[in-house]
Amino acid sequence: MTFNSAAEAAADAGADTGALDPNLSLEAFLAAPASAVASVAPASMIYSVSGTRRGAAIAGKFKRGDEYVQWSRERMMACLDLIFAHGVRHVIMPLINPSQFMEATPAYRENLWDWLEQGLAGAEALAAYRRRGWRVRLPFAENLPRLREAGAAIERETGDGRDAEGESKKYLWVFIIPEHNFLWRQALARLSQSRANSTAEAIRLLYGADIPPATLYLDFGKPVVSPDLAPPFLMGVLHCYWTQRPGYSLDERQLRTILYDYAFTRPTWKADKRGRAEQALEHEELWRQDLIIGLGTRVGPFWYPAASPSPGDEV
């Protein structure tokens, strides 16, 4: 199944897109109750957080490894709380990617596995999952020797992840990717021994649950996608956003602004396209601009997006 718009994706995921006025302004959306915002949120999203060390340095929390890990875990939980509170049911989180295991920074690379064990499956982390009623999983952890016990502990301790009403509603899928194509190798090995012949069956076999493919992607920094950032079979038609605030800096206004664009601004598809091309002539000057999304500039050792003109600016 494919989706032609964010609204269709939200509707297919079970969201009541009629719960909010389709002409609602951003200001009204920012002030709406979380339950109303949840009616247009995607069922699943990919939340790939980059720039955590940069964010920690800005917050003055990157002096010692233990302090960085503790602060990062607390910020991660706060951001996930926010996402779940706004209606997302499945957060798919590629937490560590191959480039981090390839780093030449000894203090970081050598401690990475220990930080992951403690940050994801330590006593504080497990207690936090239980309090929130989250069902947490580390897919393919059984094939990561350093995280095999952590993955088993998380699955054992979070159980079915029941919330206060006794329903399992919030799922956190954490992916650790030590090398390129690791996830696909694991997936293909399992599927080769099965009779799965649909996306839904493959998802159920690989992850042990029915996960709607993600339709929203949120990351930091350069607009880049790769197979490592979209776990096998969990990518729907992705509407992508890249914030330029590093690390776990997501706040309510930022999240709601993204959800507003996802649900109200991007759904432009219409079955009846009569007159649509002619309407483009009303904005002819926009289509003649040499605007390329993704161009940037170097700021010290970092990339930063180049400024883009707004529709009202002079050409």
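Above this text is the structure in question.
These numbers come from a predicted model, not from an experiment.

A. Region of the structure containing the packing of aromatic side chains. Evaluation of the coordinates by the stated rule reveals 12 aromatic pairs. When the centroid spacing of 6.2 Å and the interplanar angle of 70° are considered together, the rings of tryptophan 173 and tyrosine 207 count as edge-to-face. In this pair, tryptophan 173 sits in strand β4 (residues 171–176) while tyrosine 207 sits in helix α11 (residues 199–207), placing the two residues 34 residues apart along the sequence. We note that tryptophan 173, like tyrosine 207, is buried.

B. A look at the pairing of strand β5 (residues 214–220). Of all the 7 residues making up β5, 7 are buried; the element is thus mostly covered by neighbouring parts of the structure. Sheet topology places strand β1 (residues 44–47) next to β5; 3 bridges connect them, and they run parallel. If you follow methionine 45 over to β5, its bridge partner there is leucine 216.

C. Representation of α11. Listed as buried for α11 are Ala202, Ile203, Leu206 and Tyr207. Buried residues along α11 cover an arc of 100° about the axis, so they all sit on one side. The elements touched by buried residues of α11 are β4 and α10 (182–191).

D. Just the sheet that holds β4, in detail. Ordered by their spatial adjacency, 6 strands build an open sheet running β3-β4-β2-β1-β5-β6, and the pairing between neighbours is parallel. In the strand order of this sheet, the two ends are held by β3 (135–137) and β6 (235–243), each with one partner. Going across the sheet, the axis of each strand differs from the next one's by a mean of 20°, ignoring polarity.

E. Structural view of the nonpolar core. In terms of nonpolar packing, the biggest core is built from 85 residues, with Tyr47, Leu95, Leu116 and Ile176 touching the most fellow members. Top element by residues in this core is helix α5 (residues 65–85). It accounts for 10 residues. Discounting chain neighbours no more than four positions away, the residues touching tyrosine 47 are Cys79, Leu80, Ile83, Val91, Ile92, Met93, Pro94, Leu218, Tyr248 and Leu250.

F. Region of the structure containing the layout of surface pockets. What the largest pocket holds in volume is close to 1,000 Å³. Forming the walls of the largest pocket are 41 residues, and the residues nearest its centre are Val49, Ser50, Gly51, Asn97 and Gln100. At the level of elements, α4 (52–58), α5, β2 (90–96), α6 (98–101), α7 (106–121), β5 and β8 (302–305) are the ones that each hand at least two residues to the lining of the largest pocket. Here the element with the most residues in the lining of the largest pocket is α7; it accounts for 6 residues. Split by residue class, the lining of the largest pocket holds 22 nonpolar, 12 polar and 7 charged. Computed from the structure, the second largest pocket encloses a volume of approximately 840 Å³. For the lining of the second largest pocket, the secondary structure elements donating two or more residues are β6, α12 (252–265) and β8. Of the residues assigned to the lining of the second largest pocket, the class counts are 13 nonpolar, 6 polar and 3 charged.

G. Geometry of the side chain of threonine 158. Turning to its location among the elements, threonine 158 is positioned in helix α9 (residues 148–158). Residue classification places threonine 158 among the buried residues on the basis of a relative accessible area of 7%. From its side chain, threonine 158 meets the backbone oxygen of valine 136 in a polar contact 3.4 Å long. Beyond its immediate sequence surroundings of up to four residues, threonine 158 is in contact with Tyr129, Trp134, Arg135, Val136 and Arg137.

Criteria and cut-off values
Residues numbered from 1 in each chain as written. Predicted model: local features only at pLDDT ≥ 70, side-chain atom pairs only at ≥ 80, totals over all residues. Heavy atoms only, no water. Phe/Tyr/Trp six-rings, centres within 6.5 Å; stacked < 30°, edge-to-face > 60°. Helix = DSSP H or I, 4+ residues; strand = E, 2+ residues; numbered from the N terminus. Buried < 20%, exposed > 50% of the residue type's maximum accessible area, 1.4 Å probe, protein only. Pairing = 2+ DSSP bridges. Arc of directions from axis to C-beta. Contact = heavy atoms within 4.5 Å. Axes fitted to C-alpha atoms, helices over the stretch in contact; angles between N-to-C directions. Core = buried A, V, L, I, M, F, W, Y, C linked by side-chain atoms within 4.5 Å. 1 Å grid on protein atoms, 1.4 Å probe; cavity = no way out; pocket = protein on both sides within 12 Å on 5 of 7 lines; lining within 4 Å. Points joined across faces, edges and corners; volume = space filled by probe spheres on them. Nonpolar A, V, L, I, M, F, W, Y, C, P; charged D, E, K, R; others polar. Polar contact = N/O pair within 3.5 Å; in protein donor to acceptor, adjacent residues only side chain to side chain.

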